[in-house]
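Geometric and topological summary
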Amino acid sequence: KKLLKNFYKERKKMFLKRKIDLVKKSLFLCLFLIMGSFAATLNAAEKAEFVINDEPFIYKGVSLIPWKKYTREEIEKKLGKPDWHEDNPGGWCRSYEDKIIFNFNQENSFDGLAFNHPEKLKGLNIYGLLISKNDNHLSIVKKLIELKKNFNIIYKTNYRRLKFEITIKSKFGNIKLIINCSDSDKQEVTDVSLWYMD
């Protein structure tokens with residue numbers, strides 16, 4: 001009886017030890033996967049050509065602050081001659097390297113950015129939303145859900161586009177982020193713009 005009791009006691013110990021080892025391995029694997037995912041996100045963020053967050057936007061080493069007033073001459077002196085520009089009573093804009101457009105309102109305050117050719121960018125990081133040239137309608141929806149961001153999708157069939165509108169709260173006030181996707185089979189991202197709403 002004593003031998004049998006000891007035998008069951010040892011088996012119970014071994015079973016518990018195996019269970020503890022299995023739990024430890026599972027926890028280690030989960031931690032490894034979380035760290036890998038975090039590292040991949042950081043890596044993608046580092047590779048983004050343009051980063052937009054609660055800091056001033058940096059382009060060619062020049063700091064652009066939302067709502068700060070700039071003159072046309074000042075922008076062209078700092079950033080060089082634009083490859084395209086527009087001036088009208090509602091405001092003005094300057095485009096550089098066919099990648100980025102800076103928008104200014106009628107009071108000359110910097111109030112928005114636009115990226116008309118995302119396929120030419122290394123990547124965008126807008127408040128943690130990473131947009132690359134391979135993104136499309138479904139991948140953007142998935143990322144927004146993962147980031148727990150509220151968003152609306154507006155279907156504009158007359159323009160053959162799918163349009164996302166996302167409001168982001170920032171230290172500069174509310175930002176309206178607009179992402180347009182084509183209505184083709186690929187539904188790729190065609191342009192991205194954001195507006196500081198005050």
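Report on the accompanying structure.

Cut-offs and rules
- Residues numbered from 1 in each chain as written.
- Predicted model: local features only at pLDDT ≥ 70, side-chain atom pairs only at ≥ 80, totals over all residues.
- Heavy atoms only, no water.
- Helix = DSSP H or I, 4+ residues; strand = E, 2+ residues; numbered from the N terminus.
- Contact = heavy atoms within 4.5 Å.
- Pairing = 2+ DSSP bridges.
- Axes fitted to C-alpha atoms, helices over the stretch in contact; angles between N-to-C directions.
- Buried < 20%, exposed > 50% of the residue type's maximum accessible area, 1.4 Å probe, protein only.

1. Things to note about the overall build of the protein chain
The number of helices and strands found in the protein chain is three helices and 13 strands. A fraction of 39% describes how many contacts in the protein chain between residues 6 or more apart in sequence connect residues 24 or more apart.

2. What about the sheet that holds strand 1 (residues 50-52)?
Reading across the sheet, the three strands line up as 1-8-9 and stay open at both edges, with mixed pairing between neighbours. Looking at which strands have only one partner, the edges of the open sheet turn out to be strand 1 and strand 9 (129-131). Taking each pair of neighbouring strands and ignoring which way they run, the sheet shows an average axis angle of 15 degrees. One ladder, built from three bridges, connects strand 8 (residues 124-126) with strand 9; its direction is antiparallel. In the sheet register, Asn-125 faces strand 9, and the bridge partner there is Leu-130.

3. Remarks on the pairing of strand 4 (residues 84-88)
Sheet analysis places strand 4 next to strand 5 (residues 91-96), joined by five bridges and oriented antiparallel. The residue bridging Trp-84 from the neighbouring strand is Ser-95, located in strand 5. Connecting strand 4 to the antiparallel partner strand 5 that follows it, the hairpin turn spans two residues.

4. Things to note about the pairing of strand 13 (residues 189-196)
Among the eight residues that make up strand 13, six are buried, leaving the element largely enclosed by the rest of the structure. Pairing of strand 7 (residues 110-115) with strand 13, which is carried by four bridges, proceeds in the antiparallel orientation. Bridge pairing in strand 13 places Ala-114 opposite Ser-193. In sequence, strand 12 (residues 173-182) turns back onto strand 13 through a hairpin of six residues, with Gln-187 there showing a positive phi of about 50 degrees.

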